[in-house]
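Chain by chain, the residues run as shown.
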Protein chains: 2
Amino acid sequence: MFFEGSEKKVEVITAPKAGSLRALGRDFWSGIVTRANAEILDVLSNEHCDAYLLSESSLFVWHDRFLMLTCGTTTLADAFLHFLAHINDNDILYASFQRKNEYLSHLQKSSFADDLARIGQRLPGSAYRLGKLDSHHHYIFHLDRPYQCMDGDVTNELLMYHIKGDGADYLRSPDQTPEGVRSLLQLDKILPGFAISDWLFEPFGYSMNAIKGDRYATFHITPQEQSSYVSFETNLELDNSILVATLLGALQPGSWDLIGFNARDIFPDYGDYHCMTESTLDMSCGFAMNFRHFQHQDHRIVQPEMISRKVS
Amino acid sequence: MFFEGSEKKVEVITAPKAGSLRALGRDFWSGIVTRANAEILDVLSNEHCDAYLLSESSLFVWHDRFLMLTCGTTTLADAFLHFLAHINDNDILYASFQRKNEYLSHLQKSSFADDLARIGQRLPGSAYRLGKLDSHHHYIFHLDRPYQCMDGDVTNELLMYHIKGDGADYLRSPDQTPEGVRSLLQLDKILPGFAISDWLFEPFGYSMNAIKGDRYATFHITPQEQSSYVSFETNLELDNSILVATLLGALQPGSWDLIGFNARDIFPDYGDYHCMTESTLDMSCGFAMNFRHFQHQDHRIVQPEMISRKVS
């Protein structure tokens, strides 16, 4: 029942002379997605963006940028390299490739170091780890080229681990529905007015893309008990919003990470969560990245997990 | 400069009719060590025990039991299976195989699950994980057979991560000496009257075995800055001893784990360390295992680690 929810992520911003990335068409993007070992399940579009829901996560394509997140044992570096083969280097204003710490990194098809060796041959860049190697951490590679971000070009990633309570039980139940999950996540409250595209996987798992104007949000839920993981990502600011408190309340994670790019600092009511790791990086490409790892005080006592048993 | 300090460990207790394990001789044990991809560097003996210092950790052989610890990318499961091929199953009273969480598990030659699949074909047993998959944790497989431990048959493992301060600087300096490391660790104070066998590795690293009667202690130090690790293991009780406080003071780890088998609980002055994980297992083989993970409150802020840089 193990599934690695932790995502790999690539984001690219292109110069106007590269033309619209949306105009490359669905076949082109389908080819990119295939390189990652995923496929397109659904698409949602508005005047700014095409939001593809994938068999393993999401792809958002705007005129001047794209963002792709994939989980499981997908090969996102392959997809990134395939994209780079189709674009002139000088047309790339910003590019980054991220990997979160995995539950079981030895089951991945490549390590971050492996990916870096291939991407680094193609693009000049810097790579960092934020957080501790022996706890939650986040790897990022970015193009080493100055870039002037637009106002409002922010990203927030909320990654929740070891969810529990009624919400977690519901996400592990056989009779869940998309409507039920939307209600649990209180989408109408936290993402009012957003168009939604979502998908329930068998036997478990839920993915959702949401867009409104040039804003996006995406959820990916891996509820499996011993390796549960819920990621939420958006270009909305989270300060003064009820979003973080709502999700922590609904999912009761034992621990969670918050990663921001040029994001305003937020001080929601963390309650009994304590910040265990904090790491900040001013990247030469114009984004300030902040990584924080929180643990709930009741997440201290852990029952041993039986892995196997064979009596003589 | 990366070196995986985290050890794998095997421990076996045999019935009197199996004969003395020491009598199997150095060639036999050298063969076992070779199967793990290690070699014998030094040996220390007394009336109870032969303590072999290895190129990657330690082997202790008593008449009725042995204990082997190996780090790096050693293949300890191979050594264990090689031993099992030389002994009648019914002569085994207790057997366990442990693995600590590694810094970079994907660089290992096998996972715990891989090892388990092979060992489980040979011995009936149970396997557990204590601690969180996404933080410090400890795997143990043990023979599923009731065993009545002798009084005083205790084990304590103190595993220290992210060491810093003058002690850590000294362990990373080119001019360190065995005498200097012994003085840093205050061996005369924490292990009074023990015979010592120790080794400095190039460019860094220190290993030590110590024996006194039927008591043993062993140190293995991997001081490398980004993946530092110091393990101390002994069958001494740690309660009412100055040992833990002395080592935490000398090495100032950012975090540490304490693992006990039938060990009396200890409450040293933990100062600014907080217990982040605690997990207890009553094993069917007669040992009660306790795992605790501690983090220093100043270990929250972490500088990003640059992994690579290539400017265009």
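Residues numbered from 1 in each chain as written. Chains lettered and ligands numbered in written order. Predicted model: local features only at pLDDT ≥ 70, side-chain atom pairs only at ≥ 80, totals over all residues. Heavy atoms only, no water.

Overview of the sheet that holds strand β17 (residues 305-309) of chain B
So, step 1. An order of β2(A)-β3(A)-β4(A)-β5(A)-β1(A)-β6(A)-β8(A)-β7(A)-β17(B) is seen for the nine strands of this open sheet, with the pairing classed as antiparallel. Every interior strand has two partners, whereas the edge strands, β2 (40-45) of chain A together with β17 of chain B, have only one. Strand-to-strand twist of the sheet, defined as the mean angle between neighbouring strand axes without regard to direction, takes the value 15°.
So, step 2. Bridge analysis of strand β7 (residues 125-131) of chain A against strand β8 (residues 137-143) of chain A gives seven bridges, and the strand direction is antiparallel. Each residue of the ladder has a partner; that of Gly125(A), found in β8(A), is Leu143(A).
So, step 3. Where helix α1 (residues 25-35) of chain A meets the sheet, it contacts β2, β3 (49-54), β4 (57-62) and β5 (65-70) of chain A, and its direction lies at approximately 135° from that of β2(A). (Pairing = 2+ DSSP bridges. Helix = DSSP H or I, 4+ residues; strand = E, 2+ residues; numbered from the N terminus. Axes fitted to C-alpha atoms, helices over the stretch in contact; angles between N-to-C directions. Contact = heavy atoms within 4.5 Å.)

Some details on the relation of the copies chain A and chain B
So, step 1. At an RMSD of 0.0 Å, chain A and chain B line up after a rotation of 180° and a shift of 0.0 Å along the axis. The operation mapping one copy onto its partner corresponds to a two-fold rotation axis. Considering only C-alpha atoms, the part of chain A nearest the rotation axis is His106(A), at 2.0 Å.
So, step 2. Both copies share a contact surface, since 98% of the interface residues of chain A are interface residues in chain B too. (Least-squares fit on C-alpha atoms with pLDDT ≥ 70 in both.)

With respect to unusual backbone geometry
Residues and elements named next belong to chain A.
So, step 1. For the bond from Glu202 to Pro203, the omega torsion is -5°, close enough to zero to count as cis.
So, step 2. Along the chain, the position of Pro203 falls in the loop between β10 (195-200) and β11 (206-212).
So, step 3. One non-glycine residue, Ser57, lies in the positive phi region at around 95°.
So, step 4. Within the element layout of this structure, Ser57 appears in strand β4.

Considering the pairing of β11(A)
All names here are of chain A.
So, step 1. With six of seven residues buried, β11 lies mostly within the body of the structure.
So, step 2. Sheet topology note: the β10/β11 ladder contains six bridges and is antiparallel. Looking at the pairing, Leu200 lines up with Tyr206 of β11.
So, step 3. Counted along the chain from β11 to the antiparallel partner strand β12 (residues 215-222), the turn is two residues long, and its residue Gly213 has a positive phi close to 60°. (Buried < 20%, exposed > 50% of the residue type's maximum accessible area, 1.4 Å probe, protein only.)

What about the interface of chain A and chain B?
Accessible area lost upon the coming together of the parts is a frequently used measure of interface size.
So, step 1. Across the boundary between the two partners, chain A contributes 51 residues, which contact 50 residues of chain B.
So, step 2. Across the chain A/chain B interface, buried area totals approximately 4400 Å², and carbon plus sulfur atoms make up 51% of it.
So, step 3. Inspection of the chain A/chain B interface yields six salt bridges.
So, step 4. Between Asp144(B) and Arg309(A) there is a salt bridge, with its nearest N and O atoms 2.9 Å apart.
So, step 5. Our count for the chain A to chain B interface comes out at 27 residue pairs in polar contact (both at pLDDT 80 or more).
So, step 6. Listing elements by their share of the side of chain A that touches chain B, those giving two or more residues are α3 (112-122), β7, β15 (273-282) and β17 (305-309) of chain A.
So, step 7. Broken down by class, the residue content of the side of chain A that touches chain B amounts to 20 nonpolar, 21 polar and ten charged.
So, step 8. Here four bridges tie β7(A) to β17(B), and the two strands are oriented antiparallel to one another. Note that in β17(B) the partner of Ser126(A) across the bridge is Arg309(B). (Buried area = accessible area lost by both parts, 1.4 Å probe. Salt bridge = Lys/Arg side-chain N within 4 Å of Asp/Glu carboxyl O. Polar contact = N/O pair within 3.5 Å; in protein donor to acceptor, adjacent residues only side chain to side chain. Nonpolar A, V, L, I, M, F, W, Y, C, P; charged D, E, K, R; others polar.)

Considerations on the sheet that holds strand β16 (residues 288-296) of chain A
The strands making up a sheet associate through backbone hydrogen bonding, with each pair oriented either parallel or antiparallel.
Residues and elements named next belong to chain A.
So, step 1. If you walk across this open sheet you meet the eight strands as β10-β11-β12-β13-β9-β14-β16-β15, and the pairing is antiparallel. Because the sheet does not close on itself, it has two edges, and the strands there are β10 and β15. Each strand axis lies, on average, 10° off the axis of its neighbour in the sheet, ignoring direction.
So, step 2. In this sheet, β16 lies alongside strand β14 (residues 255-261) in antiparallel orientation, the contact comprising seven bridges. Bridge assignment links Ser255 to a residue of β16, and that residue is Gln295.
So, step 3. Running at roughly 15° to strand β9 (residues 155-161), helix α7 (residues 243-251) makes contact with β9, β12, β13 (229-234), β14 and β15 of the sheet.

Thoughts on the side chain of Ser105(B)
So, step 1. Note on placement: Ser105(B) falls in the loop between β6 (92-100) and α3 (112-122).
So, step 2. Ignoring anything within four residues of it in the chain, the contact list for Ser105(B) reads Ser105(A) and His106(A).

Thoughts on the pattern of salt bridges
So, step 1. Under the criterion given, the structure shown has 46 salt bridges over all chains.
So, step 2. Linking Lys100(B) and Glu157(B) is a salt bridge whose minimum nitrogen-to-oxygen distance equals 4.0 Å. In this pair, Lys100(B) sits in strand β6 while Glu157(B) sits in strand β9 (residues 155-161), placing the two residues 57 residues apart along the sequence.
So, step 3. Of the residues examined, Lys100(B) reaches a relative accessible area of 4% and is grouped as buried.
So, step 4. A residue is classified by how much of its surface remains accessible, and Glu157(B), at 0% relative accessible area, is buried.
So, step 5. Connected through salt bridges with shared partners, the residues Glu7(A), Lys9(A), Glu11(A), Asp64(A), Arg65(A), Lys100(A), Asp153(A), Glu157(A) and Glu233(A) form a single ionic network.

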